[in-house]
Amino acid sequence: MITMALSKGRQLKDFIKYLDEKNLTTWSTALKSVSRELVIETDAIRFILVKGEDVPVYVEEGVADLGITGSDVLFEQNRQINNLMDLPFGYCHFAIAAKKPKEVYPVVATKYINFTQNYFDSIKQPVKIIQLKGSVELAATIDMADAIMDIVQTGTTLKENGLSEQVQLDEINARLISNKHAYFAKNDEIQTVINQLRMG
Ligand SMILES: Nc1ncnc2c1ncn2[C@@H]1O[C@H](COP(=O)(O)OP(=O)(O)OP(=O)(O)O)[C@@H](O)[C@H]1O
Ligand SMILES: O=P(O)(O)OC[C@H]1O[C@H](OP(=O)(O)OP(=O)(O)O)[C@H](O)[C@@H]1O
């Protein structure tokens, strides 16, 4: 039996849609029936439902053999896991956004403090980072920060809050990851899951 960690939010909906497209209906039906339970047992996979940014934690610890999370989370955390496969959903990108373009952005609000620090180090600009957990746009809208570092998909959230993209950075999409030890110890089962996810 394989244990796979999934995030509970928008990525779960995208994953269910993907499973339906691949006719993997045993798994999609089981996931569609979820209300508040956090463990869902199916024929070959036990799914556990966690917060997106916690998916790599469960996988690195080895209580989940596999996991699906956004590459933004992997950029931020630098975990000891295997990155196995790109999945064709969860497309968005990192961006710096502000009310207006400026020469420098000395104060930046973000959920992604490591990614942001690495970026400003790479361009050799000092930065004060304010860490937030969500609604990051607000920080620039009400001038707590000069800019935000966040993920952008349609750009609607930026537009509706009077911000625009100033610097477009790395592309993001969903990834299948595995525990390093499980990748060898359960390689046959993991390859079977990968093949099913690829071909349906
Ligand atoms: N606007 C967006 N468009 C596309 N993908 C996004 C967007 N916002 C976030 N994502 C991707 O989805 C991931 C978050 O997935 P999800 O919403 O399932 O996580 P969660 O933390 O479990 O959710 P919740 O916050 O609702 O509990 C992010 O890490 C990113 O890769
Ligand atoms: O470009 P858009 O299509 O508007 O999407 C981008 C928004 O989506 C994410 O927020 P999320 O919905 O996860 O809410 P959050 O503010 O709680 O992080 C992200 O942090 C942006 O706010």
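The model shown is predicted, which means the values in this text are computed figures rather than measured ones.

1. Quick look at the nonpolar core
Core analysis: the biggest nonpolar cluster contains 28 residues, and Met4, Leu6, Phe15, Phe47, Ile68, Leu176 and Leu197 have the highest contact counts within it. If you list the elements that add at least two residues to this core, you get strand E1 (2-7), helix H1 (10-21), helix H2 (25-32), strand E3 (45-50), strand E4 (66-70), strand E5 (82-98), strand E9 (164-178) and helix H9 (187-199). Per-element accounting of this core gives the leading share, 5 residues, to H1. Excluding anything up to four places from it in sequence, Met4 contacts Phe15, Ile45, Arg46, Phe47, Ile48, Leu66, Gly67, Ile68, Leu176 and Val193. Core analysis: the second largest hydrophobic core is formed by 15 residues, Ala98, Tyr105, Val108 and Val127 among them.

2. What to know about the site of ligand 1
Looking at ligand 1, there are 17 residues lining it, with Ser7, Gln11, Lys51, Gly52 and Asp72 nearest. One of the side-chain N or O atoms of Gln153 is found 3.3 Å from a nitrogen atom in ligand 1. Surface burial for ligand 1 is 75%, taken as the share of its 650 Å² of free accessible area covered by protein chains. If you list the elements that add at least two residues to the shell around ligand 1, you get H1, helix H4 (71-77) and E5.

3. Some points on the site of ligand 2
Near ligand 2, the surroundings consist of 13 residues, among which Arg10, Glu137, Thr154, Gly155 and Thr157 are the closest. Contacts to ligand 2 include Glu137, whose side-chain N or O atom sits 2.7 Å from an oxygen atom. A distance of 2.8 Å is found between an oxygen atom of ligand 2 and a backbone nitrogen or oxygen belonging to Gln153. Within the complex, the protein chains bury 71% of what would otherwise be the 500 Å² of accessible surface of ligand 2. Where the shell around ligand 2 is concerned, the elements lending two or more residues are strand E8 (147-152) and helix H7 (156-160). Looking at the shell around ligand 2 element by element, the count peaks at 3 residues for E8. Class assignment for the residues of the shell around ligand 2 results in 2 nonpolar, 7 polar and 4 charged.

Quick notes on the rules
Residues numbered from 1 in each chain as written. Chains lettered and ligands numbered in written order. Predicted model: local features only at pLDDT ≥ 70, side-chain atom pairs only at ≥ 80, totals over all residues. Heavy atoms only, no water. Core = buried A, V, L, I, M, F, W, Y, C linked by side-chain atoms within 4.5 Å. Buried < 20%, exposed > 50% of the residue type's maximum accessible area, 1.4 Å probe, protein only. Helix = DSSP H or I, 4+ residues; strand = E, 2+ residues; numbered from the N terminus. Contact = heavy atoms within 4.5 Å. Near = heavy atom within 4 Å. Polar contact = N/O pair within 3.5 Å; in protein donor to acceptor, adjacent residues only side chain to side chain. Areas by Shrake-Rupley, 256 points an atom, 1.4 Å probe, with all protein chains shown as cover. Nonpolar A, V, L, I, M, F, W, Y, C, P; charged D, E, K, R; others polar.

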